[in-house]
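The residues making up each chain are set out below.
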Amino acid sequence: MWKGILGDMDREIYIEKEILGLFPENMRDQWTEVAMCGRKLQEIRLRSGQPVVLYLGQKECFLRNDGELTYEKKEAYCITKRELENMMQHICKYSMYAFEDELKQGFVTVPGGHRVGIAGQVVLREDGTIRNIKHIAYINIRISHEIIGAADRVLPYLYRNGQLLNTMIISPPGCGKTTMLRDLIRQISNGNRYGKGRTVGVVDERSEIAGSYYGEAQNDVGMRTDILDGCPKVMGMMMLIRSMAPKVVAVDELGCSADMTALEEVLQCGSNVIATIHGNHIADICSKSFLRTMLNEKVFKRFILLEKREGKCVIEGIYNEDYVKCLK
Amino acid sequence: MLKITGAILLVLGTTGVGISFASDMKKRLYHIRYLYHIFSLLLSEIGYAKASIEEACRTVSDKVQRPYRQFLEQIYEKMKANTGEAFAELWKHAMQAHLSELPLKKADWKILEEFADYTGYMDIDLQKQVITYKLQDLEKLILQIEEETAKQSKLYLTLGFMSGVFLTIVLL
C-alpha cells in the first residue's frame with residue numbers, strides 16, 4: 001500500500017533498494033549502477049557462463065565487470081554458475097525448501113512484486129509431475145511496473161448507472177493487460193467517480209497482479225481487495241465466492257473451458273467479473289470455442305482491446321456487447 | 001586457633017573449587033539441553049510449517065530465554081534488513097555476539113556452527129533430516145555429559161575436599 005502514499009521519488013528509491021536487495025553482499029558493488037536504473041529497467045537476464053543482458057526500455061545492453069553498463073558485447077561480464085546459485089539462495093532467504101512450490105512453477109515473487117523466473121534441470125516425480133528444478137542456470141528478473149492510473153481512460157466506459165459492467169481485457173502478450181487489470185482492481189476497490197468502492201476478489205494464480213510476497217500484496221490493489229495468491233483459477237474463484245463474498249471477481253488470462261465454467265458459477269452468485277485474455281482482436285476471441293456460449297449470451301458488456309504502437313502499449317478501443325466501439 | 005581457622009578456610013576453598021567445576025558441568029548440560037529444545041522448535045517450524053529460516057528464527061525467538069532470544073532475534077533482524085550477508089555468516093556473527101560467554105566447549109560450539117553450513121536445501125525432507133541429525137548429535141552429547149557429570153561431579157567434590165585436607169596436612 002505504501003506505493004499509493006509515497007511520491008515518485010520515494011518509489012524510485014524503493015525500487016533501487018529492491019533490485020539491489022536481490023543480490024548477496026559480495027555482488028552488490030557490481031550491481032549498484034544497474035539498480036540505480038530503477039523503473040527504466042525492464043528485465044535482467046542471467047545465464048550461466050553467458051553475458052549479463054539488461055533491458056532498459058526497448059534497448060538491450062550488457063553489464064561490465066566494473067559494474068558499468070555497455071552496449072559492446074565483448075566488454076560484457078559473464079556470470080558464473082556459482083554466482084547464480086548464491087543469488088538463488090539469497091533470494092530464497094537460504095530456505096529454498098520454503099519456496100518449493102514457487103520454484104516448481106518456475107518463478108519466485110520478491111519484495112516489490114518483481115518476479116524472478118528460473119530455468120535449469122527439471123526433476124520429475126514418478127507420476128510425471130514436476131518435483132523441482134535443480135541446477136538453476138538461467139535467471140530472468142522482471143521488474144514490476146505498476147502504473148497507477150493506467151485504467152483512468154477506460155473507467156468511464158465500465159459503469160452504467162453506477163453499476164460495474166462485466167469486462168474483458170483483450171491483448172497480445174506484453175501489451176499491458178495485467179497492468180490495466182491491476183489498476184482497474186485498485187480503482188474499483190477504492191471507489192471512483194463512477195461507482196462506489198466494492199469488495200474485489202482476485203485469483204492471482206501466478207502472483208502477477210498483486211505481486212504477493214509471503215501472502216502480502218506488493219502492488220497497490222485497493223483497500224477492499226482480497227487476494228488468493230498462487231491458487232489455480234478454477235479452484236480459486238469458487239473459494240473466493242464461498243469465503244470472501246466479493247462483489248467483483250478479477251482473474252488474469254482465461255484460457256480453457258474449465259475457467260468458463262467457474263466464471264459462470266461466479267456470475268450465478270451475483271458477482272461481476274473482470275478478466276483478461278490473450279488475443280489480437282475481437283475476432284480472435286470470437287473464434288475461441290470455450291468462449292462462444294458466454295459471448296452469445298452477451299455476458300461481457302465491455303471489451304477493452306490493447307495493442308502496441310511504435311513500441312508503446314495503447315488502448316485500441318473499447319467495445320460493447322455488440323462489438324461496437326465505444327472508445328476510439 | 002589461627003592454624004585451625006586457616007585449615008578450615010583452606011578445605012572450604014578447595015572444596016569450593018571442586019563445587020565450581022561440578023557446577024560448570026551442570027551448566028554446560030543445561031545449555032546443551034536448551035539447544036536441543038531450540039533445534040526441536042526449529043524442526044517444527046521448518047519441517048512442518050515449512051517456514052523460511054528468517055520466519056523460524058522470529059517465531060522461535062519468542063519462545064526461548066536470553067541469550068538465545070537475542071541470538072535468534074539478531075539473525076531475524078539482519079535477514080529482514082536484507083544486508084546481503086550469507087546466512088552462515090549471520091549465524092556465526094550472532095553466535096559470537098550472544099553465545100560466546102556460555103560454558104560451551106569447542107565440540108558443542110562446532111555442532112552449533114555447522115548448522116548454518118547445512119541449510120538452504122531445496123528439498124524439505126533433506127532440510128528436516130539435517131536438523132534431525134543435529135538433534136541426534138545433541139542427544140548423544142547430552143547422554144555423554146550426563147554420564148560425565150554424574151561421575152565427575154562427585155570426583156570434583158571429593159578431589160576438592162581431599163586436596164584441601166592434603167594441603168592442610170602438608171602446611172601443618
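Here is what the cut-offs are and how they apply
- Residues numbered from 1 in each chain as written.
- Chains lettered and ligands numbered in written order.
- Predicted model: local features only at pLDDT ≥ 70, side-chain atom pairs only at ≥ 80, totals over all residues.
- Heavy atoms only, no water.
- Helix = DSSP H or I, 4+ residues; strand = E, 2+ residues; numbered from the N terminus.
- Rg over C-alpha atoms; globule rule 2.2 N^0.38 Å.
- Buried < 20%, exposed > 50% of the residue type's maximum accessible area, 1.4 Å probe, protein only.
- Contact = heavy atoms within 4.5 Å.
- Areas by Shrake-Rupley, 256 points an atom, 1.4 Å probe, with all protein chains shown as cover.
- Lys, Arg positive; Asp, Glu negative; His and termini not counted.
- Charge placed at Lys NZ, Arg CZ, Asp CG, Glu CD.
- Arc of directions from axis to C-beta.
- Salt bridge = Lys/Arg side-chain N within 4 Å of Asp/Glu carboxyl O.
- Phe/Tyr/Trp six-rings, centres within 6.5 Å; stacked < 30°, edge-to-face > 60°.
- Buried area = accessible area lost by both parts, 1.4 Å probe.
- Nonpolar A, V, L, I, M, F, W, Y, C, P; charged D, E, K, R; others polar.
- Domains from an automatic or database assignment.
- Polar contact = N/O pair within 3.5 Å; in protein donor to acceptor, adjacent residues only side chain to side chain.
- Pairing = 2+ DSSP bridges.
- Axes fitted to C-alpha atoms, helices over the stretch in contact; angles between N-to-C directions.
- pLDDT = per-residue confidence, 0-100.

**Here's the deal with the overall build of chain A**
Along the backbone of chain A there are 10 helices and 17 strands. In terms of overall dimensions, chain A is globule-like: its C-alpha atoms have a radius of gyration of 21 Å, near the 20 Å expected for 328 residues. Across the 328 residues of chain A, 52% fall into the buried class. Intrachain contacts of chain A at a sequence separation of at least 6 include 60% that bridge at least 24 residues. Accessible surface, chain A as shown: approximately 15000 Å² in total, 49% of it carbon and sulfur.

**A short note on the overall build of chain B**
Broken down by element type, chain B carries six helices and zero strands. The order of helices and strands in chain B, counted from the N terminus, is α-α-α-α-α-α. Computed over the C-alpha atoms, the radius of gyration of chain B is 22 Å, more than 25% above the 16 Å expected from 2.2 N^0.38 for a compact globule of 172 residues. Burial status across chain B gives 42% buried among its 172 residues. Taking the intrachain contacts of chain B between residues at least 6 apart in sequence as the baseline, contacts between residues at least 24 apart amount to 66%. Split by element, the accessible area of chain B, about 9600 Å² in all, is 61% carbon and sulfur. Side chains of chain B give 21 positive and 21 negative charges; the mean places of these two sets differ by 7 Å.

**Quick look at helix 2 (residues 53-61) of chain B**
Of all the residues in helix 2 of chain B, the buried ones are B:Ile53, B:Glu54, B:Ala56, B:Cys57, B:Val60 and B:Ser61. The arc that holds the buried residues of helix 2 of chain B, viewed along the axis, is 165°, so those residues lie on one side.

**Observations concerning the pattern of salt bridges**
Overall, the coordinates contain 21 salt bridges over all chains when judged by the stated rule. Between A:Glu208 and A:Arg206 there is a salt bridge whose closest N-O contact spans 3.4 Å. Relative accessible area serves as the criterion here: at 15%, A:Glu208 is assigned to the buried category. With relative accessibility at 34%, the residue A:Arg206 sits in the partly exposed group. Look at the salt bridges and you will find they share partners, linking B:Lys110, B:Glu114, B:Lys134 and B:Asp137 into a network.

**Let's talk about the packing of aromatic side chains**
All names here are of chain A. Within this structure, the stated rule accounts for 13 aromatic pairs over all chains. Centroid distance phenylalanine 99 to tyrosine 214: 6.3 Å. Interplanar angle 55°. Geometry classified as tilted. Separated by 115 residues along the polypeptide, phenylalanine 99 in the loop between helix 4 (81-91) and helix 5 (100-105) and tyrosine 214 in the loop between strand 11 (200-204) and strand 12 (225-229) bring together distant segments of the chain. Residue classification places tyrosine 214 among the partly exposed positions, given a relative accessible area of 41%.

**Details of the side chain of A:Arg182**
All names here are of chain A. With respect to the element layout, arginine 182 can be found in helix 6 (residues 177-190). The charged side chain of arginine 182 is buried without a salt bridge, its nearest counter-charge being glutamate 146 at 5.6 Å. Not counting residues within four places of it along the chain, the set of residues in contact with arginine 182 comprises His145, Glu146, Glu208, Ile209, Asn219, Asp220 and Val221.

**Some remarks on the interface of chain A and chain B**
At the interface, 21 residues of chain A touch 22 residues of chain B. Together chain A and chain B conceal approximately 1700 Å² of surface at their shared face, both sides included; 48% is due to carbon and sulfur atoms. Looking only at chain A, the three residues that lose the most surface to chain B are A:Lys93, A:Tyr94 and A:Tyr97, adding up to 42% of its buried area. The tally of links between chain A and chain B comes to two salt bridges. The partner of B:Glu54 in a salt bridge is A:Lys93, and the shortest N-O contact between them spans 2.6 Å. Partitioning the side of chain A that touches chain B into residue classes produces 10 nonpolar, five polar and six charged.

**With respect to the domain arrangement of chain A**
All names here are of chain A. Under the domain assignment, chain A is made up of domain 1 (2-142) and domain 2 (155-327). Centre-to-centre separation of domain 1 and domain 2, based on C-alpha positions: 29 Å. Listed by partner, the interface residues are 14 residues for domain 1 and 12 residues for domain 2. Together, the buried faces of domain 1 and domain 2 total about 1000 Å²; carbon and sulfur atoms form 48% of this surface. Here domain 1 is connected to domain 2 by zero salt bridges. Counting the contacts that link domain 1 with domain 2 gives two residue pairs in polar contact (both at pLDDT 80 or more). Mapped onto the side of domain 1 that touches domain 2, the elements with two or more residues apiece are helix 1 (2-5) and strand 5 (107-109).

**So, the sheet that holds strand 15 (residues 302-309) of chain A**
Residues and elements named next belong to chain A. Taken together, the eight strands give an open sheet; going across it, the order is 12-11-13-14-10-15-16-17, and neighbouring strands pair in mixed fashion. Across the chains shown, the open sheet's two edge strands, defined by having one partner strand only, are strand 12 and strand 17 (325-327). Adjacent strand axes in the sheet meet at a mean angle of 25°, parallel and antiparallel pairs treated alike. Contacts from helix 6 reach strand 10 (167-171), strand 11, strand 12, strand 13 (248-251), strand 14 (272-278), strand 15 and strand 16 (312-320) within the one sheet, and its direction differs from that of strand 14 by about 170°.

**Looking at the confidence of the model for chain A**
The predicted model of chain A has a mean per-residue pLDDT of 88, with 96% of residues at 70 or higher. pLDDT under 50 marks residues 1-6 of chain A. Its contacts with residues more than four places away, or in other chains, come to 14 contacts.

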